[in-house]
Amino acid sequence: MSEAPLSPAELRRRFFRHFPAAGTAIFLAALDQTIVATALPAIAAELGEVPRLSWVVVAYLLATTLAAPVYGKLGDAFGRRRMMLVALAVTAAGSVLCALAPSLTLLAVARLVQGCGGGGLIALAQALIGEAIPPRERIRFQAWFGSTYVVANSLGPLVGGVLTQQLGWRSVFLVNLPVAAAAAVLTLRLPTHAAEGEETGGRGRSRTFRADWAGFALFVAFVVPTMLAMDRAQKLSVEALPFGLACAALAVAALVLLIRQERRAADPLLPLNLLAIPMIWRCDTIAACVGAALVGLITFVPIYLEVVRGIGPAQIGLAMLPLAAGGSVGALVIGRLVARSGRTMVFPAIGMGVAAALLAVVAFAIGSIGTAALPWVLGLVAFGLGTSFPVVQTVVQVAAGRERLGQAAASLQFARALGSAAGAALMGVALFATLAASDPEAAALFARRVSGGPAALAAMTEAQRAALGEALAGGFRAAFLVAAAVASLGAWLAARAPDRRL
């Protein structure tokens with residue numbers, strides 16, 4: 001039964017009752033992605049293992065991928081307010097473990113813990129707002145979410161660069177603690193009846209809820225071998241081939257079993273029933289493409305700026321501002337256009353197409369783009385990618401219906417996180433595989449340069465510097481082309497989807 005239209009005053013009252021808690025949780029999730037990227041060169045310099053540096057980002061994203069659908073279902077069953085508190089507590093604990101990590105391997109494990117909390121933040125926050133505000137009116141409040149992302153993404157590189165330069169890279173994880181505490185206090189202030197069923201229906205549903213542990217285990221069995229296979233693919237060596245092929249075969253087998261398990265599970269980890277709806281799987285795939293391109297760039301551009309352009313952490317933070325904030329600005333602008341026109345897919349089709357074209361230009365002409373101009377070009381790329389944010393979020397919730405808001409928000413977060421992890425991993429494969437293919441010593445020289453800083457470059461011979469420069473040009477060109485390819489796929493999907501009016 002449809003609800004009676006709400007007055008503007010009631011809409012504002014409902015939104016601002018929920019937004020402080022939801023917005024702070026989103027701020028924490030957005031801040032964590034960009035603040036860590038600026039610290040990656042410093043982490044590599046202290047902990048080494050440069051070819052596996054992307055695992056600091058990928059581990060977090062894998063954990064959020066696993067956690068997002070779990071939080072969505074648990075939020076629907078036990079109450080989103082309650083599960084938000086759990087997610088915040090796990091995020092804070094993981095942040096402490098990250099700050100204490102003595103090696104890159106243990107840092108990646110700590111990032112897994114942190115991601116197990118972070119996976120619920122955005123999905124639960126969006127579901128909290130979706131419960132209170134009807135679909136068409138939600139788009140009117142996108143400015144507040146867009147502003148939250150803009151502030152978090154703008155502060156992330158700046159704060160990360162300053163903290164890394166002044167206090168060391170470990171401090172970028174500890175800054176999460178006061179933000180998580182503030183979000184928990186605001187979440188506790190939410191009215192109990194607004195916590196999605198904690199008083200009305202949640203307890204009834206919780207009795208019939210069953211965790212899909214088999215699906216969870218099979219998903220882990222799919223993701224971990226896939227990433228290990230990508231890790232071996234970076235080496236382009238005969239010795240790494242058997243293990244890489246074995247991991248790939250294991251991943252394929254696990255994927256087949258996972259799909260079979262999810263079709264028969266009473267409460268499946270993956271909402272295959274939602275993914276059967278054309279608009280939902282299209283939107284989820286677009287979100288995955290955007291995550292792959294954007295997070296891949298946020299991961300590797302700081303390394304490029306430090307190694308190739310030779311700038312320090314604080315300057316990298318400034319240079320990353322347009323890229324980090326551009327997506328949020330794009331979401332803010334397009335959110336208003338969607339609210340006024342009711343049109344949806346036309347905006348990401350155009351925006352992502354422009355982003356893909358700019359990435360192709362960057363890939364082939366990056367050496368000709370000045371250090372001052374490059375951040376603004378990448379900012380335009382992020383703006384184009386960000387045009388998809390408000391569209392896919394709203395379209396997925398409308399297509400899923402009110403009863404499955406949590407699952408819908410989680411499916412989108414799941415797709416975005418999985419795409420982000422795959423994008424960072426694929427760009428790493430493209431970079432290091434190209435380095436290995438161009439010169440057997442190039443990857444070792446690159447690792448020495450990242451770990452040793454400018455002093456390592458000064459210690460190289462003229463021939464080594466020339467070889468490293470040529471190899472880096474090809475490696476980063478390949479990485480940027482990967483980002484261009486996934487952005488093109490997202491633009492094509494958006495152009496093919498019906499431009500449904502809200």
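Residues numbered from 1 in each chain as written. Predicted model: local features only at pLDDT ≥ 70, side-chain atom pairs only at ≥ 80, totals over all residues. Heavy atoms only, no water.

Asks: What is the right way to look at the side chain of R282 in this model?
Replies: Counting through the fold element by element, R282 comes out in helix α13 (residues 278–307). This buried residue, R282, is left without a salt bridge; D284 holds the nearest opposite charge, at 12 Å. For R282, the contacting residues outside a window of four places in its chain are L493, R496 and A497. (Helix = DSSP H or I, 4+ residues; strand = E, 2+ residues; numbered from the N terminus. Buried < 20%, exposed > 50% of the residue type's maximum accessible area, 1.4 Å probe, protein only. Lys, Arg positive; Asp, Glu negative; His and termini not counted. Salt bridge = Lys/Arg side-chain N within 4 Å of Asp/Glu carboxyl O. Contact = heavy atoms within 4.5 Å.)

Asks: Looking at this model, I keep getting lost on the packing of α13 against helix α18 (residues 389–400). Mind explaining?
Replies: Packed helices, taken two at a time, are described by the angle between their axes plus the distance between the axes. α18 packs onto α13 with a crossing angle of 155° between their chain directions and a minimal axis gap of 9 Å. Here α13 lies roughly antiparallel to α18, going by the angle between them. Judged by the twist between their axes, the crossing of α13 over α18 is left-handed. Taking contact as the criterion, the partners of M279, I280, C283, D284, I286, V290 and L294 in α13 are, on α18, F389, V392, V395, V396, A399 and A400. Residues of the contact of α13 with α18, tallied by class, amount to 12 nonpolar, no polar and 1 charged. (Axes fitted to C-alpha atoms, helices over the stretch in contact; angles between N-to-C directions. Parallel < 35°, antiparallel > 145°, perpendicular 65-115°, else oblique. Left-handed = near helix turned anticlockwise from the far one by under 90°. Nonpolar A, V, L, I, M, F, W, Y, C, P; charged D, E, K, R; others polar.)

Asks: How should I be thinking about the packing of aromatic side chains in this particular structure?
Replies: To describe a pair of aromatic rings, you give the distance between the ring centres and the angle between the ring planes. Under the counting rule described, the total for this entry stands at 4 aromatic pairs. Ring centres of Y304 and F476 lie 5.0 Å apart, and the angle between their planes is 75°; this geometry places the pair in the edge-to-face category. Of this pair, Y304 sits in helix α13 while F476 sits in helix α22 (residues 462–496), and the two are 172 residues apart along the sequence. In terms of burial, Y304 and F476 fall into one category: buried. (Phe/Tyr/Trp six-rings, centres within 6.5 Å; stacked < 30°, edge-to-face > 60°.)

Asks: Help me understand a nonpolar patch on the surface, please; the structure alone is not making it clear to me.
Replies: Taken together, the side chains of V96, L100 and L174 define a hydrophobic patch exposed on the protein surface, amounting to about 260 Å² of accessible area. Its location among the elements puts L100 in helix α3 (residues 80–100). On the accessibility criterion, L100 (63% relative accessible area) is exposed. (Patch = residues over 30% accessible without salt bridge, like charges linked within 9 Å, V, L, I, M, F, W, Y side chains within 5 Å. Areas by Shrake-Rupley, 256 points an atom, 1.4 Å probe, with all protein chains shown as cover.)

Asks: Can you help me understand the nonpolar core in this one?
Replies: One broad trend across soluble globular proteins is that nonpolar side chains are buried collectively. I43, L107, L297, L323, L385 and F446 are the most contacted members of the largest nonpolar core, which totals 114 residues. A total of 19 residues in this core trace back to one element, the largest contributor, which is α13. Residues L28, A67, A92 and A180 belong to the second largest nonpolar core, which totals 31 residues. (Core = buried A, V, L, I, M, F, W, Y, C linked by side-chain atoms within 4.5 Å.)

Asks: I keep staring at the packing of helix α15 (residues 321–341) against helix α17 (residues 374–386) and nothing clicks. Help me out?
Replies: At their nearest, the axes of α15 and α17 sit 7 Å apart, and the two run at 35° to each other. As for the relative orientation of α15 and α17, their crossing is right-handed in sense. Contact residues: P322, L323, G326, G327, V329, G330, A331 and V333 in α15; P375, W376, L378, G379, A382, F383 and G386 in α17. In terms of residue class, the contact of α15 with α17 is made up of 10 nonpolar, 5 polar and no charged.

Asks: Please explain the environment of V301 as it appears in this structure.
Replies: Here V301 lies in helix α13. Residue V301 is classed as buried on the basis of its relative accessible area of 4%. The spatial distance from the C-alpha of V301 to the C-alpha of F476 is 9.1 Å, given a sequence separation of 175 residues.

Asks: Can you help me understand helix α16 (residues 346–365) in this one?
Replies: The periodicity of an α-helix, 3.6 residues per turn, causes residues three or four positions apart to be oriented the same way. For α16, built from 20 residues, the straight-helix expectation of 28 Å at 1.5 Å per residue is met to within 8% by its first-to-last C-alpha distance of 29 Å. Residues of α16 that are buried: F347, P348, G351, M352, A355, A356, L359, V362 and A363. Viewed along the axis of α16, the buried residues span an arc of 145°, placing them on a single side of the element. Along α16, the residues that are exposed and aim more than 90 degrees away from the buried face are I350 and F364. Where α16 is buried, its residues touch α13, α15, α17, α18 and α22. (Expected span 1.5 Å × (residues − 1). Arc of directions from axis to C-beta.)

Asks: It is not clear to me how the side chain of S388 should be interpreted in this structure. Could you clarify?
Replies: With respect to the element layout, S388 can be found in the loop between α17 and α18. According to the relative accessible area criterion, S388 is buried, its value standing at 1%. Not counting the four nearest positions on each side in its chain, S388 is found in contact with I286, V290, P348 and M352.

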